[in-house]
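Survey of secondary and tertiary structure
Single-letter residue listing:
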Amino acid sequence: MAAGPSLLPDSILYHIFLNLGPVDLLSAGLVCRRWYQVSRDEFLWKELFYHHYHVQRHVQRSPGSDSWYDEFQRLSDGAPCVEVERLREHSDQVLHISFSHSGDLCASCSKDCTAKIWSTRHPLSLLHSANMRPHHWNYTQFSQFNSDDTLLLVSGVFVGPHNSCAGEIAVFSLDGFHLLSRVRNKPYDVFGCWLNNSHLVSGNLHRMGRVTSCSVLWLNKAFQDVESENLNVVKRLFKIQNLNASTIRMVMVAESPDLLVEAGGKGEEVEQRPPPAQEEEEAEDEGEEDAQIAAALQLFMEDNGQLQEPEPPLTDEQFETKVAQWYAKYRTKEADGPHSGEESKKYLIFTTGSLTYSPHQIGIKQLLPHQMSTEGPVLGEERGPNEFFDSLDHVINIHGHIIGMGLSPDHR
């Protein structure tokens, strides 16, 4: 009887082991060396992985993993599976939780229109709570700690006149949890983010037509006081054109020395600027080219009302889209080349789009040193007569609806 199991072919053992659970399979592998070798078969643990965790077949292993057995062990040992505490202080859905950089605190936002600060030491305890309904908020939806964990940014939905909804950002001091400032944020899913310890980025939306608009990103001082005539409360950073009812949303700040270099080749690069000699030659003909573009656009607008059959006339939305595409093609400033001499650069990362209202692209825009504070003109750098909008440094097209984004701790 002792020699029986060793006479079974490996294929028979494999099909028997397919019917075992993970605990019984590991126990069977202790019988002998042959059983151990079969019990560690990668195809066996792959089938067990999909069956035990009810994972769809198109889902692959986590990046960097080269073993189905190790992946099964990682999920079994590393994934939380025991609830040790339940917090019931919120009276409605919890929409977002963020942790401080030290890990000692966490903030929660909820549809009950409160923002709460918790101590993460077990057992968790509630430290502060702020009700935003007196400020005409509908609910809180997002929060973020600044880098030294002294301030908390809370984003929410503000209900304005005639029940119109917009966004607003509130800044709280963690020393006593006092409200320091409030900043309008439109649309509300821009969320806002910290640029540094004392300045945050917000957005605003300006309609230019039925389906075209422009998004303006603002730099705001967390403390709404004016220390001098050269230090403003707000400063305009960028003005970016939107097409087909799209808007800029989910703005984040990343700090990396070579983010655009690593992103190269993965998205839709903007055209490179011509060499200086060629640029000078093109600058001489710039006035003539602008006149030709304006004449062509005027001719297009005049011909639109004189279209004859069989071509159907354009609707207002189609006409507006055509004009906006012409406008974006010939009037959008090319992105400047990379700036050298900086060890670390900061970038704005956000979702956007060009084909539909749903965000399907990730835009990247580099921040320059003079844009890190509110010093200087209130409306930012003055543009030339032919510069209407700021261009993006890089665009990654996801070809699908983006419903969320997150940054790795190293911002790469």
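In the annotation of an unreviewed UniProt entry, the protein is listed under the name F-box domain-containing protein and assigned to Engystomops pustulosus.

What about the sheet that holds strand β1 (residues 94-99)?
In spatial order, the strands read β1-β2-β3-β4; together these four strands make up an open sheet with antiparallel pairing. At either margin of the open sheet sits one strand with a lone partner, and together these are β1 and β4 (125-131). On average, each strand axis in the sheet is tilted by 20 degrees relative to the strand beside it, whichever way the strands run. Relative to strand β2 (residues 105-110), β1 runs antiparallel, the two sharing five bridges. Looking at the pairing, Phe 99 lines up with Cys 106 of β2.

A word on unusual backbone geometry
A cis amide bond, omega -5 degrees, links His 122 with the succeeding residue Pro 123. As for its placement among the helices and strands, Pro 123 is situated in the loop between β3 (114-119) and β4. The omega torsion across Lys 186 and Pro 187 is -5 degrees, close enough to zero to call that bond cis. Here Pro 187 lies in the loop between β8 (178-185) and β9 (193-194).

Here's the deal with helix α5 (residues 42-53)
Counted at 1.5 Å a residue, the expected span for α5 with its twelve residues is 16 Å, and the 16 Å between its end C-alpha atoms agrees. Along α5, the residues that are buried comprise Leu 44, Trp 45, Leu 48, Phe 49 and Tyr 50. Against the buried residues of α5 lie α2 (10-17), α3 (22-28), α4 (33-39) and α6 (68-78). The residue sitting at the N-terminus of α5 and contributing the capping side-chain oxygen is Asp 41; that oxygen lies 2.9 Å from the backbone nitrogen of Phe 43. Two residues or fewer past α5, His 54 is found with a positive phi of approximately 55 degrees.

Points about the packing of aromatic side chains
In this structure the tally under the stated criterion is ten aromatic pairs. Plain terms: the ring middles of Phe 49 and Tyr 50 are 5.5 Å apart, the flat faces sit at 80 degrees to each other, and that makes the pair edge-to-face. Classification of Tyr 50 as buried rests on a relative accessible area of 5%. Each ring, one from Tyr 53 and one from Phe 72, has its centre 5.0 Å from the other, and the planes form 55 degrees; the classification is tilted. Here Phe 72 lies in helix α6 and Tyr 53 lies in helix α5, a separation of 19 residues in the sequence.

With respect to the pairing of β3
Of all six residues making up β3, six are buried, and the element is well covered by its neighbours. Side chains Thr 114, Lys 116 and Trp 118 of β3 all project onto a buried face; the interleaved residues Ala 115, Ile 117 and Ser 119 project onto the opposite face, where all are buried too. One ladder, built from five bridges, connects β2 with β3; its direction is antiparallel. Bridged to Ser 108 within β3 is Lys 116. Connecting the antiparallel pair β2 and β3 is a turn made up of three residues, with Cys 113 showing a positive phi of about 70 degrees. As defined by bridge partners, β3 adjoins β4 across six bridges and the pair is classed as antiparallel. Within the sheet, the bridge partner assigned to Ile 117 lies in β4 and is His 128. Connecting the antiparallel pair β3 and β4 is a turn made up of five residues.

With respect to the UniProt feature "repeat: WD" (unreviewed entry) in the protein
Under the feature "repeat: WD" (unreviewed entry), the UniProt entry names residues 87-121. Taken end to end, residues 87-121 comprises 0% helix and 51% strand; its first and last C-alpha atoms sit 13 Å apart.

Focus on the pattern of salt bridges
According to the stated counting rule, one finds eight salt bridges in the structure shown. When the shortest N-O distance is used, the salt bridge between Arg 182 and Glu 168 registers 3.0 Å. In this pair, Arg 182 is assigned in strand β8 and Glu 168 in strand β7 (residues 165-173), connecting sequence segments 14 residues apart. Relative accessible area serves as the criterion here: at 3%, Glu 168 is assigned to the buried category. The partner of Glu 168 in a salt bridge is Arg 184, and the shortest N-O contact between them spans 3.1 Å. Residue Glu 168 is found in strand β7, and its partner Arg 184 is found in strand β8; the two are separated by 16 residues along the sequence. Salt bridges sharing partners connect three or more residues here, namely Glu 168, Arg 182 and Arg 184.

Overview of the sheet that holds strand β10 (residues 199-207)
Pairing in this open sheet of four strands is antiparallel, and the strands run β9-β10-β11-β12 from one edge to the other. In this open sheet, the two edge strands, each paired with only one partner strand, are β9 and β12 (234-242). Across eight bridges, strand β11 (residues 213-221) lies against β12 in antiparallel orientation. Directly across from Asn 220, in β12, lies its bridge partner Val 234.

Some words on the packing of α5 against α6
Close contact between α5 and α6 brings their axes to 8 Å; oriented N to C, the two are set at 35 degrees. Here Glu 42, Trp 45, Lys 46, Leu 48, Phe 49, Tyr 50, His 52 and Tyr 53 of α5 lie close against α6, whose contacting residues are Trp 68, Tyr 69, Glu 71, Phe 72, Leu 75 and Ser 76. Across the contact of α5 with α6, the residue classes tally to nine nonpolar, two polar and three charged.

Remarks on the side chain of Asp 189
Locating Asp 189 in the fold gives a position in the loop between β8 and β9. Overall, Asp 189 belongs to the buried group, its relative accessible area being 19%. Excluding anything up to four places from it in sequence, Asp 189 contacts Gln 141, Arg 249 and Met 250.

The rules behind each value
Residues numbered from 1 in each chain as written. Predicted model: local features only at pLDDT ≥ 70, side-chain atom pairs only at ≥ 80, totals over all residues. Heavy atoms only, no water. Pairing = 2+ DSSP bridges. Helix = DSSP H or I, 4+ residues; strand = E, 2+ residues; numbered from the N terminus. Axes fitted to C-alpha atoms, helices over the stretch in contact; angles between N-to-C directions. Expected span 1.5 Å × (residues − 1). Buried < 20%, exposed > 50% of the residue type's maximum accessible area, 1.4 Å probe, protein only. Contact = heavy atoms within 4.5 Å. Polar contact = N/O pair within 3.5 Å; in protein donor to acceptor, adjacent residues only side chain to side chain. Phe/Tyr/Trp six-rings, centres within 6.5 Å; stacked < 30°, edge-to-face > 60°. UniProt positions renumbered as here; feature names shortened; annotations may be inferred. Salt bridge = Lys/Arg side-chain N within 4 Å of Asp/Glu carboxyl O. Nonpolar A, V, L, I, M, F, W, Y, C, P; charged D, E, K, R; others polar.

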